[in-house]
Amino acid sequence: MPSTPEVSVVVPTLARPALVTRAVRSALAQTVTDIEVIVVVDGPDEETGKALAEIGDPRLRVVELPAKGGAPNARNMGVREARARWTALLDDDDEWLPGKLAVQLDVAREASIPSPIVASRLVNKTPRAEFVMPRRLPEPGEPICEYLTLRRGLFHGDGFIQTSTIMAPTELLRRVPFTVGLRRQQELDWTVRATSHPDVDLVIAAEPLVLWHQDEDRPRISLSSPWQAQLEWLRGIRPLITPRAYAAITMSIISSMAAPTRSFRVFRLLLAEARRHGRPSFLDYLTFLQIWLIPPQLRHRIRDRILGRRTDPAARAGSTETGADVRR
């Protein structure tokens, strides 16, 4: 392996040996071969160590942390170990299509900004449907916080970023680390904070280059975070986002987490929060009401009926058809 690889790949994991080996093999199968793959095991985990040792590729390095610190901390530790100019992030339950890094490196070379965050579309694979997202790319001059949060439909958003799609300068990931302790919206939080720097912007490759496995019968920490913590997070980043984005996050993302409480007090609190610090649109109000009135599983089925279409992900890799997710 060359002394300085072209891309460092960081994969945080814990206690999911079968999933992480699938993810790592998809990284090692990239058409860009001058890479290193750094798997950060988030605490003692003998089974994962054994599974990774069987891969037998010199480009793979395993870093085992002494204690569990969460995925954001594990990513940050992996970035510290990275030796390449570019670092790409990969969650342990996702996969990359073979040309992912090659496409992103081409996009990065053509970028007109010093520190581009290069993301891509992905194939969202749920038990009910498969569809490509985000539905559209950012428009010129569009605030990234609004692109990622504002909706144009009741049951879906148009903009989206997910961890396994992100490739960014290693220096930027060190300058703006992931927020340790944040359990949901880690990508949104990091992207908003990173793009607040004048030398940074987000560019998205049009091709879907990642397979995002949404196995809904598998426990996911990111789906269990209390809404109160997310509201405190939102209040903390308010100076970095527009009033329209603040309202959209409150009435969509945080309300989706709070609605199972069926508490009228919480309903009124979030509505007041959005009105006091944000600028809600008519669609925000409709979204807010349907989130509180329609059970989540029914909303998901409606969303997938509108957007979903089962196809072969490899066949769709060149497609411009897009879909979006409502898990926000």
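The residue numbers shown here count from 1 along each chain, following its written sequence. The predicted nature of this model means local features are confined to residues of pLDDT at least 70 and side-chain atom pairs, given and counted, to a pLDDT of 80 or more, with totals for whole chains, interfaces and linings taken over all residues. The basis for every side-chain value is the complete set of non-hydrogen atoms in the structure, without hydrogens or water.

> Any chance you could break down the overall build of the protein for me, citing the residues and the numbers?
In terms of helices and strands, the protein carries 12 helices and 9 strands. Within the protein, counting contacts between residues at least 6 apart in sequence, those at least 24 apart form 78% of the total. Under the convention used here, a 1.4 Å probe and the Shrake-Rupley method define accessible areas, while residue burial counts only the protein chains that appear. Surface summary for the protein: the accessible area is close to 13900 Å², and the carbon and sulfur share equals 55%. Only DSSP runs of H or I reaching four residues or more are called helices, and only runs of E reaching two or more are called strands; each is numbered from the N terminus. Contact between two residues is taken to exist if any of their heavy atoms lie within 4.5 Å; hydrogens are not considered.

> Got a sec to walk through the pattern of salt bridges? Specific residues and values, please.
What makes a salt bridge here is a side-chain nitrogen of Lys or Arg within 4 Å of a carboxyl oxygen of Asp or Glu, nothing more. All told, the structure shown has 23 salt bridges when counted by the stated rule. Between Glu95 and Arg22 there is a salt bridge, with its nearest N and O atoms 3.9 Å apart. Placement of Glu95 in strand β5 (residues 94-96) and of Arg22 in helix α1 (residues 17-28) is noted, with a sequence separation of 73 residues between them. Buried, partly exposed and exposed residues are distinguished by accessible area as a fraction of the type maximum, computed with a 1.4 Å probe on protein chains only: under 20%, between the cut-offs, and over 50%, respectively. Judged by relative accessible area, which is 27%, Arg22 ranks as partly exposed. Look at the salt bridges and you will find they share partners, linking Arg135, Arg136, Glu139, Glu142 and Asp158 into a network.

> Describe the environment of Ser26, and please don't skip the residues or the numbers.
Within the secondary structure layout, Ser26 lies in helix α1. Judged by relative accessible area, which is 8%, Ser26 ranks as buried. Separated by 68 residues in sequence, Ser26 and Asp94 have C-alpha atoms that sit 9.0 Å apart. The residues contacting Ser26, other than those within four sequence positions of it, are Leu90, Glu95 and Trp96. Here a polar contact is recorded for every N or O atom pair within 3.5 Å, except that within protein the pair must consist of a potential hydrogen donor and a potential acceptor, and residues adjacent in sequence are included only if both atoms are side-chain atoms. Polar contacts involving the side chain of Ser26 include one to the main-chain carbonyl oxygen of Ala23, which spans 2.7 Å.

> Which residues make up the pairing of strand β2 (residues 35-41), and what are the values?
The buried fraction of β2 is high, at 7 of 7 residues. Side chains Ile35, Val37, Val39 and Val41 project from β2 onto one buried face, and the interleaved Glu36, Ile38 and Val40 project onto a second face that is buried too. Where strand β1 (residues 7-13) meets β2, 7 bridges bridge the pair, whose relative direction is parallel. Pairing of Pro12 across the sheet is with Val40, part of β2. Orient the strands so they point away from the viewer; a crossover is then right-handed if the path from the first strand over the helix to the second runs clockwise. Handedness of the β1-α1-β2 crossover: right-handed. On the question of chirality, the crossover connecting β2 to the parallel strand β3 (residues 60-64) by way of helix α2 (residues 46-53) is right-handed. Pairs of strands are assigned from DSSP output, requiring at least two bridges between the strands.

> Account for helix α8 (residues 227-237), with residues named and values stated.
By the burial criterion, the buried members of α8 are Trp227, Gln230, Leu231, Trp233, Leu234 and Ile237. Looking straight down α8, one finds its buried side chains confined to an arc of 160 degrees; they lie on one side. Summarising the contacts, the buried residues of α8 are in contact with α7 (186-195), α9 (243-258) and α10 (264-277). By arc we mean the arc of the directions from the helix axis to the C-beta atoms, nothing more.

> How would you explain the side chain of Asp189 if you had to name every residue and give the values?
Residue position: Asp189 is located in helix α7. Among all residues touching Asp189, those that are not within four sequence positions of it are Thr179, Leu182, Trp233 and Ile237.

> Explain the packing of aromatic side chains to me, using residue names and the numbers behind them.
Pairs were defined over the aromatic rings of Phe, Tyr and Trp, the Trp ring being its six-membered one, requiring ring centres within 6.5 Å. Orientation was assigned from the angle between planes: stacked under 30 degrees, edge-to-face over 60, tilted for the rest. Inspection of every chain in the model, using the stated rule, returns 6 aromatic pairs. With centroids separated by 5.9 Å and ring planes inclined at 15 degrees, the aromatic side chains of Phe264 and Phe267 adopt a geometry described as stacked. In this pair, Phe264 and Phe267 are both assigned in helix α10, 3 residues apart and thus about one turn of the helix distant. In this structure an aromatic cluster arises from ring pairing among Phe264, Phe267, Phe288 and Trp292.

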